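# Fold and geometry: a report
The chain contents come next:
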Amino acid sequence: MSTPPADLGVGADVPGTGRPSRVRSVTHLMLAGGVLPLVSLATGPLLARVLGLEGRGHLSAVLAPVALLPYLLSFGLGDGAAYLVARRGRRPGDVAFVLGGLGAAAGALGAGVLWLLAPVLLAKYPEGIDLLRLLGLTLVPAMALSIVQATRVGEGRYDLLAAERWISGLSRLAVLVGLAVGGALTVTSGAWAQVGVLLVAQLTALVALSRPRARWREANDIARSGVAYGSRAWGGELSVFIVLRLDQTVMLPLAGAGQLGLYVVAVALAEVPTMLLGDLRRLLLTEVAASRDATVAARACRLALIAIGVPVVLGMAATPFLIPLLFGQDFAGAVPMAVVLLGASMFSGLNLFLGGSISALGRPGAQSAAQAASLVVAVLGIGLIAPFGGMGAAWASLASYLTGSVFMLVLFRRLTSLRIRDVVLPRRADVAFLATTALRTVRRR
């Protein structure tokens, strides 16, 4: 399947392919990607006030491992699936069936890991051990469906990804509010609500999916190619998303439920900018893989920095007032954590796009090696949690993302011969493009 080059600029629909214009795709994904973080902001005060400081920490302690393991065990299969469909022209149904099956196997492995580690991770919250073990079983269908979803992105069905974000976000909001109004919102019901609605929303990836037709030899080739490419790209995705999940996973035994309750509130605010751009990473991988144009990747990075920089600056200014107002004075200690994490999100967003760009240009292993330095810093930063609590975790996150950005920029410069300022310094045309797109979208709505 051939894909016309993308310029991430204003364009019409691509004739004869059913693929929407890049402007509409990017805009719709950014709008849909904003649903989950905005829902987190809306439900965060609700969860904090109903469950209390320690209850909020216990809920995060149960959910964080379930969110972390898919990144640890995915082996980059999602990126491999998108690449095989977009660049190699593999049939989406075949790729979804083969690599989705591998994803289900990885989910089963994750469920077994959680079953064994639950008593260790929740030693200070033994009531949640059985809950974590049961939630771990959802990793099997969830990881399989995430691979199918990546396949559809490679196919150009960005609308399905956007639909999944809308469904999961709005359903989560409705269910949590309903539980709170009915007096049934607890750690257990809140955990099942968040995991369950996401799993149901992922079923949108199956809409109009072609039936698999690959025979054994072709399926074996898809599995080998997908694993080979994905495992090389895996490090970049892993390091970007793991940092804010790893510290939450280990914070309960190291610093207690109170510090975790503060930290998860800070994270909910700080990850809004990054989540706005998270879905666009795979879109970028698909488009750059098809065009092999480094200037497209550079412009995407500049646009990402503008898009993430505005909410970061506004968030830093508003956080000292928003957190006490929304969550109550008990959560005022989360303010300095949120400010540091908002700064870290700038580098996190840049890493998302740099890593996706380098992978799409055919060097997934190189960007994974560069991100290894970021992971090392993140792991070493765990040592700051016991003495400094959430602030130690926040500073470790900032150091980790900053380290990754430095290594990735140097690598991108060597691979493309583009200047670093071509990647990180927005131009007047970039600002005009985003402003025009936003205005056009508002008028259309």
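Residues numbered from 1 in each chain as written. Predicted model: local features only at pLDDT ≥ 70, side-chain atom pairs only at ≥ 80, totals over all residues. Heavy atoms only, no water.

## Notes on the side chain of Asn-351
Stated precisely, the cut-off is as follows: A helix here means a DSSP run of H or I that spans at least four residues, while a strand means a run of E at least two residues long, and both kinds are numbered starting from the N terminus. Two N or O atoms count as a polar contact when they lie within 3.5 Å, although within protein this holds only if one can serve as hydrogen donor and the other as acceptor, and sequence-adjacent residues are included solely when both atoms are side-chain atoms.
If you trace the backbone, Asn-351 turns up in helix H13 (residues 335-360). A polar side-chain atom of Asn-351 sits 2.7 Å from a polar atom in the side chain of Ser-405.

## Digging into the pattern of salt bridges
This is how the line gets drawn: By salt bridge we mean one thing: a side-chain nitrogen of Lys or Arg within 4 Å of a carboxyl oxygen of Asp or Glu. For every residue, the accessible area obtained with a 1.4 Å probe (protein chains only) is divided by the maximum for its type, and the residue is called buried under 20%, exposed over 50%, and partly exposed between those limits.
The tally for this structure, following the rule as stated, stands at nine salt bridges. One salt bridge in this structure joins Glu-218 and Arg-91, with 3.3 Å as the shortest N-O distance. Note that Glu-218 is positioned in helix H9 (residues 216-255) and Arg-91 in the loop between helix H3 (77-86) and helix H4 (92-121), a separation of 127 residues in sequence. Between Glu-164 and Arg-165 there is a salt bridge, with its nearest N and O atoms 2.0 Å apart. Neither residue differs from the other here; Glu-164 and Arg-165 are each classed as buried. Taken together, the shared-partner salt bridges in this structure form one network comprising Arg-90, Arg-91, Asp-94, Glu-218 and Asp-221.

## Things to note about the packing of aromatic side chains
Note the threshold: Between rings of Phe, Tyr and Trp, where Trp is taken as its six-membered ring, a pair exists when centres lie within 6.5 Å; planes separated by under 30 degrees are stacked, by over 60 edge-to-face, and by other angles tilted. A positively charged side chain is recorded as over a ring if its NZ (Lys) or CZ (Arg) lies within 6 Å of the ring centre. The angle to the ring normal must also be within 35 degrees.
For the structure on display, the rule yields one aromatic pair. Here Phe-327 and Phe-331 contribute two aromatic rings whose centre-to-centre distance is 6.0 Å and whose plane-to-plane angle is 50 degrees, an arrangement assigned as tilted. The lysine or arginine in question, Arg-133, covers the ring of Trp-115, its NZ or CZ lying 4.7 Å from the ring centre.

## With respect to helix H2 (residues 35-73)
Applicable threshold: Expected helix span is given by 1.5 Å per residue-to-residue step, counting one fewer step than there are residues. Here the bend at each residue means the angle between axes fitted to two seven-residue stretches, the one ending at that residue and the one beginning there.
When the terminal C-alpha atoms of H2 are compared, their 26 Å separation across 39 residues is substantially less than the 57 Å that a helix rising 1.5 Å per residue should span. A maximum bend of about 115 degrees is found in H2 at Gly-52. Among the residues trailing H2, Phe-75 stands out with phi positive, at a value near 55 degrees.

Taken by themselves, the reported measurements are silent on function.
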